[in-house]
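# Fold and geometry: a report
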Amino acid sequence: WAYEFQSGNLYYNITSDSTVEVTNQKEWPSSNYSGLTTATIPETVTYNGTTYSVTGIGDYAFYGCLSLTSITIPNSVTSIGGSAFYGCSSLTSIVIPHSVTSIGWGAFFNCSSLSTITIPESVTSIGDRAFYGCSSLTSVTIPYNGVPNSVSIGESAFSYCTSLTSITIPNS
């Protein structure tokens, strides 16, 4: 529940000598990034003279960020952690870049205003309850990446998506 440094309006944890992930600001979700309405995650950040590549959105990073309506994710990000956007009820759409390979458990849990989501061919894992309770989500397409059986979809990934009228899953 702690961050190692701040750059701009986002907080980061160092994950290796050259990489960082966006993390949560405060221990209590109700005050996490309080008032943040939009966010742009940079590809790199510099801290103490070292430039790091931003490769992940960590577990609980934007948990309970009720005012967040949009976020821009760079092509350097490869994973979206568990509960990363849990309860971001004002988030209306998100474009996941082609660099992302995994979407963690509950990543978009109860994002009740999320109406569109683009899942790229690069995603090989969609965690349990990833989009659970996204009651405004109307359609989902999981594209075929050319490799049979290469995408796993977790338990209850789209449960309680009460507006979902179309889902396209590859034959593989």
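Below you will find a few notes about this structure. Keep in mind that this is a model prediction, so the values were computed, not measured. (Residues numbered from 1 in each chain as written. Predicted model: local features only at pLDDT ≥ 70, side-chain atom pairs only at ≥ 80, totals over all residues. Heavy atoms only, no water.)

Looking only at helices and strands, the protein chain features 0 helices and 15 strands. Radius of gyration (C-alpha) of the protein chain: 16 Å, near the 16 Å computed for a compact globule of 172 residues. Projected onto its principal axes, the C-alpha positions of the protein chain cover 50 × 35 × 20 Å. Per-residue burial over the protein chain gives 43% buried out of 172 residues. Within the protein chain, counting contacts between residues at least 6 apart in sequence, those at least 24 apart form 46% of the total. For the protein chain, the exposed surface amounts to about 7,900 Å²; the carbon and sulfur share of it is 47%. (Helix = DSSP H or I, 4+ residues; strand = E, 2+ residues; numbered from the N terminus. Rg over C-alpha atoms; globule rule 2.2 N^0.38 Å. Buried < 20%, exposed > 50% of the residue type's maximum accessible area, 1.4 Å probe, protein only. Contact = heavy atoms within 4.5 Å. Areas by Shrake-Rupley, 256 points an atom, 1.4 Å probe, with all protein chains shown as cover.)

The next point concerns the pairing of strand β3 (residues 19–23). The buried fraction of β3 amounts to 4 of the 5 residues, a majority that puts the element mostly inside the structure. Pairing geometry for strand β2 (residues 10–14) and β3, over 4 bridges, is antiparallel. In the strand pairing of β3, N13 is matched with E21. Joining the antiparallel neighbours β2 and β3 is a turn of 4 residues. (Pairing = 2+ DSSP bridges.)

The next thing to look at is the packing of aromatic side chains. Applying the stated criterion to the full structure yields 16 aromatic pairs. Within the aromatic cluster, the residues linked to one another by ring pairs are Y3, Y11, Y33, F62, F85, F108, F131 and F158. (Phe/Tyr/Trp six-rings, centres within 6.5 Å; stacked < 30°, edge-to-face > 60°.)

The subject of this paragraph is the side chain of N24. Its location among the elements puts N24 in the loop between β3 and β4 (38–40). Among the polar contacts made by the side chain of N24, one reaches the side chain of T23 at a distance of 3.0 Å. (Polar contact = N/O pair within 3.5 Å; in protein donor to acceptor, adjacent residues only side chain to side chain.)

Here we take up the environment of S99. Summarising the element assignment, S99 is placed in the loop between β9 (93–95) and β10 (102–103). For S99, a relative accessible area of 18% puts it in the buried group. Sequence separation of S99 and T78 is 21 residues, and the distance between their C-alpha atoms is 5.2 Å. Excluding its chain neighbours within four sequence positions, the residues that come into contact with S99 are P74, N75, S76, V77, T78 and S122. Within polar-contact distance, the side chain of S99 engages the backbone oxygen of V77 at 2.5 Å.

Below, the discussion takes up unusual backbone geometry. At Y60, a residue that is not glycine, the phi angle is positive and equals roughly 65°. On the basis of relative accessible area, Y60 is assigned to the partly exposed category, the value being 28%. Located in the positive-phi region is N110, a residue other than glycine, with phi close to 55°.

Time to look at a nonpolar patch on the surface. Among the surface-exposed residues, I153, I167 and I169 lie close enough to one another that they form a single nonpolar patch of about 240 Å² accessible area. Inspection of the secondary structure assignment puts I167 in strand β15 (residues 166–168). A relative accessible area of 40% means that I167 is categorised as partly exposed. (Patch = residues over 30% accessible without salt bridge, like charges linked within 9 Å, V, L, I, M, F, W, Y side chains within 5 Å. Salt bridge = Lys/Arg side-chain N within 4 Å of Asp/Glu carboxyl O.)

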